Amino acid sequence: MKRKIPKEYKLKKGWFLNKEFYVNKRVHIPRKNTEPLVKFAVEYIKRNKKRVVCADIGTGMGAIAISLILRSSFIKKVFATDIYSGAISVTRENIRKYNLKNKVIVKKGDLLKPIKNEKIDIIIANLPHASKEIFKKKKYLLFEHKKATLAGESGLEILESFLKQLSKDKYLKQISGIFLKISPTKKEESVKLIEKYLPNSNIKIKKDYERKNRFLIIQ
Ligand SMILES: C[S@@+](CC[C@H](N)C(=O)[O-])C[C@H]1O[C@@H](n2cnc3c(N)ncnc32)[C@H](O)[C@@H]1O
């Protein structure tokens, strides 16, 4: 069966946590099932009652970074990073739309490399996590940029690169929480990778609106 082009690409608009974002074909369409990730991070930050700096890695259209700032006065600023310049220009457009130029700082580059000299307290990331098999099976993904969804043969390659970078001392110094969206079918493998690269961490698994194990919180 042939699928139609998603309405978000036709309208050049997508919605995330009740806010509207500019989107085009260079970015991943915001997903309802990503929203709890922001809610978990905001609740955690509120409980700790400390002003923090966050980083949204693989920001795409910037919805996670912008929603964090809009939802928590404890967040001083958010660094929003992406490797793809097409996504970076869409992020900038959304930062202008919400007038957050001083609060959401965009940086282009591979995973954590653009923020290696920054002091980050909390990381939130919805990195590409589709395996080749899923990528072929889910026809709607074909409309989106491959770099936004595909993560190698297994779907774990980008998560592994992220953890490898993170395991280097310079990144871990002051990070108190990492909030990740994963593929529910790769929960065990994702947890094993975290245990390999961050052996002393405490890992919590959280569910999405459909009760699927879609989020990992590392402390
Ligand atoms: C699944 S999309 C998520 C977009 C957005 N954060 C969201 O939740 O809708 C993954 C994003 O990661 C970016 N990305 C892929 N590889 C990357 C890398 N090595 N470093 C930084 N960003 C990367 C892609 O360009 C894409 O925007």
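Quick look at the structure, then. Quantities reported herein were computed from a predicted structural model and do not represent experimental measurements.

With that out of the way, let us pick up the sheet that holds strand β5 (residues 104–108). Ordered in space as β5-β4-β3-β6-β7-β9-β8, the 7 strands form an open sheet in which the pairing is mixed. Because the sheet does not close on itself, it has two edges, and the strands there are β5 and β8 (203–207). Here the average twist between neighbouring strands, direction ignored, is 20°. Summarising the sheet, β8 and strand β9 (residues 213–218) pair through 5 bridges and their orientation is antiparallel. Counted as the bridge partner of Ile205 is Leu216 from β9. Contacting β8 and β9, helix α9 (residues 187–197) runs over the sheet at an angle of about 10° to β9.

Turning to the packing of helix α2 (residues 35–48) against helix α3 (residues 63–71), a few remarks are in order. Between α2 and α3, the shortest axis-to-axis distance is 10 Å and the interhelical angle comes to 40°. Taken together, the axis directions place α2 and α3 in an arrangement best described as oblique. In this structure, the crossing between α2 and α3 has a hand that is right-handed. Taken together, the residues of α3 that come into contact with α2 (itself represented by Leu37, Val38, Ala41 and Val42) are Ile64, Ser67, Leu68 and Arg71. Within the contact of α2 with α3, the residues separate by chemical class into 6 nonpolar, 1 polar and 1 charged.

Conventions adopted
Positions within a chain are numbered from 1, following the residues in the order the chain's sequence is written. Note on the predicted model: pLDDT of at least 70 is required for a residue's local features to be given, and 80 or more for side-chain atom pairs to be given and counted; whole-chain, interface and lining totals, by contrast, use all residues. We treat two strands as partners when DSSP finds at least two bridges between them. What counts as a helix is a DSSP run of H or I of at least four residues, what counts as a strand is a run of E of at least two, and both are numbered from the N terminus. Angular values range over 0 to 180 degrees, each being the angle between N-to-C directions of two axes fitted as lines to C-alpha atoms, with helices fitted over their stretch in contact. Our contact criterion uses C-beta atoms placed from the backbone: two residues qualify when those atoms are within 7 Å. For classification, angles of less than 35 degrees are called roughly parallel, those exceeding 145 degrees roughly antiparallel, those between 65 and 115 degrees roughly perpendicular, and all remaining angles oblique. Handedness of each helix crossing follows the sense of rotation of the near helix against the far helix: counterclockwise by less than a right angle gives left-handed, clockwise gives right-handed. Nonpolar residues are Ala, Val, Leu, Ile, Met, Phe, Trp, Tyr, Cys and Pro. Charged residues are Asp, Glu, Lys and Arg, and all others, Gly as well, are polar.

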